[in-house]
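Close look at the chain arrangement
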Amino acid sequence: MSPTTTPLDDPVVAEAQEYANKLLLLSEGSVNKHFDPYEDIDWDNPDFDANARPERWILPESADPLGRHDWYQSLPVERQIEVGKYRQANIAKVGLQFESILISGMVNHTFSLPNGDAEFRYCTHEMAEELNHTLMFQEMVNRIGTDVPGMGPLVRQLRLFGVPVAIAFPNLFFMAVLAGEEPIDHIQKQILRSGEEVHPIMRGVMSIHVAEEARHISFAHEFLKHHVPERNAANRFILSIAMPIVMFILGRSIATPPKKFFQEFDIPEQVRKELFYGSKEAKQVFSDYFIDVRALAHEIGLMNPISKRVWKLLGIDGPASRYRSEPIRSGTAA
């Protein structure tokens, strides 16, 4: 460095400072705009009783593939309500379980961070918010009163990998974070944007979750933008192949109801396949969950000819969003 050169003239130092500034902005956002599920949701309002106007639990047609399926719509209203309660409670339980895995990994990620690292403060803010989300999701499940399992028994074992992956492979861990956060965020935004009437318990929980999850998703994106380019070419190639695989496996575990759900309501096997696996619409819906992640992969150099084939092989390829959280119209982004 010459006598007239300042540290910020070094592009590496400048990029690190820019990253720290972004994390400071996110941290200040957590301080200035945060929620408490027991203060900001009016649980004691009579209208929040899970059995008040129960038809509001009927699944919205515009935002839930089951809600617009002929099989569901042919059910008696009382049965539609039962299915809707179970599905929404189970989505909340899955969210709770995923947040728990995230927290356990993130607290171990922060354990060895050096003094002064901006990631420590932001991650700690995020963990505090995620703990509130677990309270909020469990309260929703308890008030609905349906004994749901959340993730299936096999998928639950993923929790055993959260900590070791976060410690040894932090880039892979934050890819996994996005694989869980993006589908839930996508589904909840679709419901809120649909304008359809939903039960106020669900609307209150989703509104808080979407507001705070925007910061959490932003951090995961910024983390990968900052750290992936630091890796050598071989490591980046491995990450490029791992990224779509992680999105597919964890995305399926988040978006697909457990086997118990289909057994509980005698949902035909053909309907299950149409809704979550086999139909063109189901495949498109699942692929659309990752439109922002594909944009990120392009931006950080993880979309190469071989990784593109993996995205395509798994059925989660497609266009990338022009900006994060761009609304999806007609199944594709412009």
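Preceding block: the structure.
All values derive from a computational prediction rather than experimental measurement.

So, the overall build of the protein
Helix and strand counts for the protein stand at 13 helices and 0 strands. The N-to-C order of helical and strand elements in the protein reads α-α-α-α-α-α-α-α-α-α-α-α-α. Considered along the principal axes of its C-alpha atoms, the protein spans approximately 80 × 45 × 35 Å. With 334 residues in all, the protein has 50% of them scored as buried. When contacts within the protein are restricted to residue pairs at least 6 apart in sequence, those whose partners lie at least 24 apart make up 79%. About 16,000 Å² of surface is accessible on the protein, with carbon and sulfur atoms providing 57% of the total.

Here we look at the packing of aromatic side chains
In this structure the tally under the stated criterion is 14 aromatic pairs. When the ring of tyrosine 122 is compared with that of phenylalanine 219, the centres are 4.7 Å apart and the planes differ by 35°; the resulting orientation is tilted. With tyrosine 122 in helix α4 (residues 118-144) and phenylalanine 219 in helix α7 (residues 200-227), this pair connects stretches of sequence that are 97 residues apart. Note on accessibility: tyrosine 122 and phenylalanine 219 belong to one class, buried. Connected via pairs of aromatic rings, a cluster forms that spans Tyr86, Phe261, Phe262, Phe265 and Phe276. The ring of phenylalanine 286 has arginine 252 sitting right over it, with the charged end atom 4.0 Å from the ring centre. Sitting over the ring of phenylalanine 262, arginine 272 keeps its end group 6.0 Å from the ring centre.

Quick word on helix α12 (residues 291-299)
Most of α12 is tucked away: 7 of the 9 residues are buried. Those residues of α12 not exposed but buried are Ile291, Asp292, Val293, Arg294, Ala295, Leu296 and Ala297. Next to the buried residues of α12 lie α6 (170-194), α7, α8 (233-255), α11 (280-288) and α13 (305-313). Two residues or fewer past α12, glycine 301 is found with a positive phi of approximately 80°.

Remarks on the packing of α4 against α7
For the pair α4 and α7, the least separation of the axes is 10 Å and the interaxial angle reads 150°. It follows from the interaxial angle that α4 and α7 lie roughly antiparallel. As for the relative orientation of α4 and α7, their crossing is left-handed in sense. Contacts between α4 and α7 involve Glu119, Tyr122, Cys123, Glu126, Glu129, Glu130, His133, Met136, Phe137, Met140 and Arg143 on the former and, on the latter, Ile201, Met202, Val205, Ile208, His209, Glu212, Glu213, Arg215, His216, Phe219, Phe223 and His227. Residues that form the contact of α4 with α7 fall into these classes: 11 nonpolar, 4 polar and 8 charged.

Notes on the environment of alanine 166
Topologically, alanine 166 is positioned in helix α5 (residues 159-168). Given the relative accessible area of 2%, alanine 166 is considered buried. Separated by 10 residues in the primary sequence, alanine 166 and alanine 176 place their C-alpha atoms 9.7 Å from one another. Ignoring anything within four residues of it in the chain, the contact list for alanine 166 reads Gly105, His109 and Phe173.

Points about unusual backbone geometry
A positive phi angle, close to 45°, is found at arginine 53, a residue other than glycine. The residue arginine 53 is located in the loop between α1 (11-32) and α2 (70-73) in this model. You can call arginine 53 partly exposed: its relative accessible area is 41%. Phi at aspartate 266 is positive, roughly 50°, even though this residue is not glycine. Take aspartate 266: it is sitting in the loop between α9 (259-264) and α10 (269-276).

Some words on the packing of α7 against α12
Geometry of a packed helix pair, given as the angle between the helix axes and the separation of the axes. Where α7 meets α12, the closest approach of the two axes is 10 Å, and the angle between their N-to-C directions is 20°. Here α12 runs roughly parallel to α7, going by the angle between their axes. As α7 runs across α12, the sense of the crossing is right-handed. From α7, His221, Leu224 and Lys225 reach across to α12, where they touch Asp292, Leu296 and Glu299.

Definitions and limits used
Residues numbered from 1 in each chain as written. Predicted model: local features only at pLDDT ≥ 70, side-chain atom pairs only at ≥ 80, totals over all residues. Heavy atoms only, no water. Helix = DSSP H or I, 4+ residues; strand = E, 2+ residues; numbered from the N terminus. Buried < 20%, exposed > 50% of the residue type's maximum accessible area, 1.4 Å probe, protein only. Contact = heavy atoms within 4.5 Å. Areas by Shrake-Rupley, 256 points an atom, 1.4 Å probe, with all protein chains shown as cover. Phe/Tyr/Trp six-rings, centres within 6.5 Å; stacked < 30°, edge-to-face > 60°. Lys NZ or Arg CZ within 6 Å of the ring centre and 35° of its normal. Axes fitted to C-alpha atoms, helices over the stretch in contact; angles between N-to-C directions. Parallel < 35°, antiparallel > 145°, perpendicular 65-115°, else oblique. Left-handed = near helix turned anticlockwise from the far one by under 90°. Nonpolar A, V, L, I, M, F, W, Y, C, P; charged D, E, K, R; others polar.

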